[in-house]
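# Descriptive analysis of the structure
So you can see what is in the structure, the chains are spelled out below.
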Amino acid sequence: MKVYVSVDMEGVTGLTDPEEMHAGGRGYERGCELMTADANAVIQGAFDAGAEAVRVNDAHGSTKNLRIDLLDERATLIRGPGKPLRMGQGLERGYRAACFAGYHARAGVQHGVLNHTWMGREIQNVSLNGEICGETRLVASFAGSLGVPVALVTGDEAVCEEARELLGDVETVAVKTGVDRFSAELLPPAVAQARIREATARALNRVADFRPCVPKPPFTLGVEWNSTAIAAGCALIPGVRSAGPRHTEFTTDDFSQIMAVMGIFATIGGRIACGSGAYG
């Protein structure tokens with residue numbers, strides 16, 4: 001059994017501060033250690049359940065956050081920028097299950113800790129085939145397009161609710177419960193990671209219960225930006241069309257192109273926002 005693990009950071013045990021999400025920020029180095037510990041809990045649970053191989057993808061920001069020197073030596077790690085499939089890099093047909101660790105609620109969820117969708121400030125909302133969606137749905141749909149079910153989601157309580165609404169009886173572990181976007185009631189790391197390990201093993205021991213999340217093609221990705229300038233810049237990408245002053249749309253029959261376009265959007269959006277000062 002081959003298991004794929006996508007690890008984001010906002011939903012990692014113990015973290016609530018945007019400073020902890022970025023290199024050079026207050027608490028970032030400790031945040032990387034906690035992120036790696038959550039990943040290790042998933043890896044350990046996977047091998048407890050009989051996994052033969054575990055591939056881990058660092059899916060947050062710079063994608064240079066997980067500590068390879070602290071990672072369970074039985075796993076491999078995909079690290080570094082320039083990954084065409086971003087949060088789903090390394091996921092292929094033939095994996096028995098995907099696990100999402102450290103995930104967070106989509107933009108606008110009231111009690112979602114560090115809630116956003118793909119970009120923290122530039123994107124107001126993302127939709128898939130007309131329905132508002134977050135990163136959990138985007139990556140789960142990519143996995144489903146490859147025939148791979150999601151077995152586990154860990155993060156804050158809000159993303160666990162989001163995952164259950166989307167995926168049904170998926171195993172979830174809420175390591176924190178949001179008070180507001182930057183505050184939460186937290187589980188101690190030892191408690192949270194023990195629960196993650198147990199839930200991973202439990203999920204993979206009943207992996208036959210899970211079905212891939214497969215939206216019907218064609219897939220239409222809609223993005224509502226916070227800036228007309230970003231929307232205009234992204235609309236220059238071949239295949240992307242303007243759907244309003246701050247809206248772009250992209251339609252395809254290949255879900256991997258959705259993942260790739262989201263990566264290009266982030267590059268363009270970040271450049272325009274960072275270069276336009278207070279009016280970004």
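Coordinates for the structure precede this section.
A brief look at the structure comes next. Because the structure is a prediction, the values reported are computed rather than measured. (Residues numbered from 1 in each chain as written. Predicted model: local features only at pLDDT ≥ 70, side-chain atom pairs only at ≥ 80, totals over all residues. Heavy atoms only, no water.)

Take the pairing of strand β7 (residues 150-156) next. Within β7, seven of the seven residues are buried, which leaves it mostly tucked inside the rest of the structure. Pairing geometry for β7 and strand β8 (residues 171-180), over five bridges, is parallel. Counted as the bridge partner of Leu-152 is Glu-171 from β8. Taking the sense of rotation as the criterion, the β-α-β connection linking β7, helix α3 (residues 157-167) and β8 turns out right-handed. (Buried < 20%, exposed > 50% of the residue type's maximum accessible area, 1.4 Å probe, protein only. Helix = DSSP H or I, 4+ residues; strand = E, 2+ residues; numbered from the N terminus. Pairing = 2+ DSSP bridges. Right-handed = clockwise from strand over helix to strand, strands pointing away.)

The subject of this paragraph is the pattern of salt bridges. Overall, the coordinates contain 16 salt bridges when judged by the stated rule. Among the ionic pairs, Arg-26 bridges to Asp-17, the shortest N-O distance being 2.8 Å. Notably, a salt bridge pairs Glu-249 with Arg-241, separated by 3.0 Å at the nearest N-O pair. Take Glu-249: its relative accessible area is 28%, and that puts it in the partly exposed class. Under the relative-accessibility criterion, Arg-241 is labelled partly exposed at 37%. Look at the salt bridges and you will find they share partners, linking Asp-169, Glu-171, Arg-202, Arg-206 and Asp-209 into a network. (Salt bridge = Lys/Arg side-chain N within 4 Å of Asp/Glu carboxyl O.)

Looking now at the packing of helix α1 (residues 28-48) against helix α4 (residues 189-205). Here α1 crosses α4 at 35 degrees, and the two axes come no closer than 7 Å. In terms of crossing hand, the pair formed by α1 and α4 is right-handed. For the pair α1 and α4, the contacting residues are Leu-34, Ala-37, Asp-38, Ala-41, Val-42, Gln-44, Gly-45, Ala-46 and Asp-48 in the first and Pro-189, Gln-193, Ile-196, Arg-197, Thr-200, Ala-201 and Leu-204 in the second. Looking at side-chain class alone, the contact of α1 with α4 contains nine nonpolar, four polar and three charged residues. (Axes fitted to C-alpha atoms, helices over the stretch in contact; angles between N-to-C directions. Left-handed = near helix turned anticlockwise from the far one by under 90°. Contact = heavy atoms within 4.5 Å. Nonpolar A, V, L, I, M, F, W, Y, C, P; charged D, E, K, R; others polar.)

Okay, the sheet that holds β8 next. Whenever strands of a sheet pair, they do so through backbone hydrogen bonds, lying parallel or antiparallel. The mixed open sheet is built from seven strands, whose spatial order is β3-β2-β1-β4-β7-β8-β9. Edge positions in the sheet fall to β3 (75-78) and β9 (183-186), since each of these pairs with one other strand and no more. Averaged over neighbouring strand pairs, the angle between their axes works out to 25 degrees when direction is ignored. Where strand β4 (residues 97-103) and β7 come together, four bridges link them in parallel fashion. For Tyr-103, the partnering residue across the bridge sits in β7 and is Gly-155.

Scanning the model with the defined rule gives four aromatic pairs in all. The interplanar angle of 75 degrees and the centroid separation of 5.1 Å between the aromatic rings of Phe-219 and Phe-255 together place this pair among those described as edge-to-face. Of the two residues, Phe-219 is situated in strand β10 (residues 219-225) and Phe-255 in helix α6 (residues 255-275); the sequence distance between them amounts to 36 residues. For Phe-219, a relative accessible area of 5% corresponds to the buried category. For Phe-255, a relative accessible area of 1% translates into the label buried. Relative to Phe-265, the ring of Trp-225 lies with its centre 5.5 Å away and its plane at 75 degrees, an arrangement referred to as edge-to-face. Here Phe-265 lies in helix α6 and Trp-225 lies in strand β10, a separation of 40 residues in the sequence. (Phe/Tyr/Trp six-rings, centres within 6.5 Å; stacked < 30°, edge-to-face > 60°.)

All we've got here are geometric facts, nothing functional implied.
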